[in-house]
Amino acid sequence: MGKSNSKLKRKELRSISQKTSFTTKEINAWYKVFSKEFPTGKISPKEFSVKYNQGKRNKDKFAIGSFEEKVKFMFDIYDIDGDGFITRDEMLAIMRAVDLMGDDVDYAEDESTPELRVDKIFQQIDFNGDGKLEPQEMVEGIKMYPSIAKLLAAYEC
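Described below are features of the structure shown in this document. (Residues numbered from 1 in each chain as written. Predicted model: local features only at pLDDT ≥ 70, side-chain atom pairs only at ≥ 80, totals over all residues. Heavy atoms only, no water.)

Details of the nonpolar core
When a protein is soluble and globular, its nonpolar side chains tend to lie buried together. Ranked by internal contacts, the top residues of the largest apolar core, which has 26 residues, are Tyr78, Met91, Ile121, Met138, Ile142 and Leu152. Elements represented by at least two residues in this core include exactly α4 (67-78), α5 (88-100), α6 (114-125), α7 (135-144) and α8 (147-151). In terms of residue count, the dominant contributor to this core is α5 (six residues). Contacts of Met91, omitting those with residues within four sequence positions, involve Tyr78, Ile86, Val118, Ile121, Phe122, Leu133 and Leu152. (Core = buried A, V, L, I, M, F, W, Y, C linked by side-chain atoms within 4.5 Å. Buried < 20%, exposed > 50% of the residue type's maximum accessible area, 1.4 Å probe, protein only. Helix = DSSP H or I, 4+ residues; strand = E, 2+ residues; numbered from the N terminus. Contact = heavy atoms within 4.5 Å.)

Written as structure tokens, this is what we have:
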């Protein structure tokens, strides 16, 4: 479980899902983010405290790197299965996970739920209309609609 390319086993996913209110997709999304940030699979109490406090203060995790690198990093988080595309279900799982972190963001009425935010994003940046986002669509979409970065929890690109 500690390697960045490892995955949670179905049995583990079911067990966690049954014991919590989270779906297996949400658990996988969180696990993927954790695995990227902590490839050994371990986090010290100090690291946990730092990460928790950064999240509470909405620190910009994308402060270093070019625009394209920031968007690529964001894309990789949302591409849960690693197939090179972001589906509505993948994006929705991450959006729900972000909402559960309780950032208390005041969204516009048409962005008030994860489902509405996903719909809005796909309407604006799924340029070829195939129901999934490609990396280039994400880059071009955020260039055209900078507010998309906030909806994707990137805050600033």
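We are not done yet, so read on.
As for α7
Turning to α7, its buried residues are Glu137, Met138, Val139, Gly141 and Ile142. On its buried face, α7 is in contact with α4, β1 (86-87), α6, β2 (132-133) and α8.

Examining the environment of Lys7
Structurally, the position occupied by Lys7 is in the segment before α1 (10-19). Residues Lys7 and Asn28, 21 residues apart in the sequence, show an inter-C-alpha distance of 8.0 Å. In this view, Lys7 contacts Tyr31 and Asp81; residues no more than four positions away in its chain are not counted.

Side note on the pattern of salt bridges
A side chain with one charge may pair with a side chain of the opposite charge, provided their charged atoms come close. Applying the stated rule across the entire model yields seven salt bridges. Two residues, Lys72 and Asp76, come together in a salt bridge whose shortest N-O distance is 2.8 Å. Here Lys72 and its partner Asp76 are both found in helix α4, four residues apart, which amounts to about one turn of the helix. For Asp76, a relative accessible area of 22% gives the class partly exposed. With its nearest N and O atoms 3.0 Å apart, the salt bridge here joins Arg88 to Asp119. On the criterion of sequence distance, the pair formed by Arg88 in helix α5 and Asp119 in helix α6 is long-range, its members being 31 residues apart. Through salt bridges that share partners, Glu68, Glu140 and Lys143 make up one connected network. (Salt bridge = Lys/Arg side-chain N within 4 Å of Asp/Glu carboxyl O.)

A short note on the environment of Asp110
Note that Asp110 resides in the loop between α5 and α6. For the pair Asp110 and Lys120, spaced ten residues apart in sequence, the C-alpha separation works out to 7.9 Å. With residues near it in sequence (within four places) discarded, Asp110 still touches Leu116 and Lys120. Of the polar contacts made by the side chain of Asp110, one reaches the side chain of Lys120; its length is 3.3 Å. (Polar contact = N/O pair within 3.5 Å; in protein donor to acceptor, adjacent residues only side chain to side chain.)

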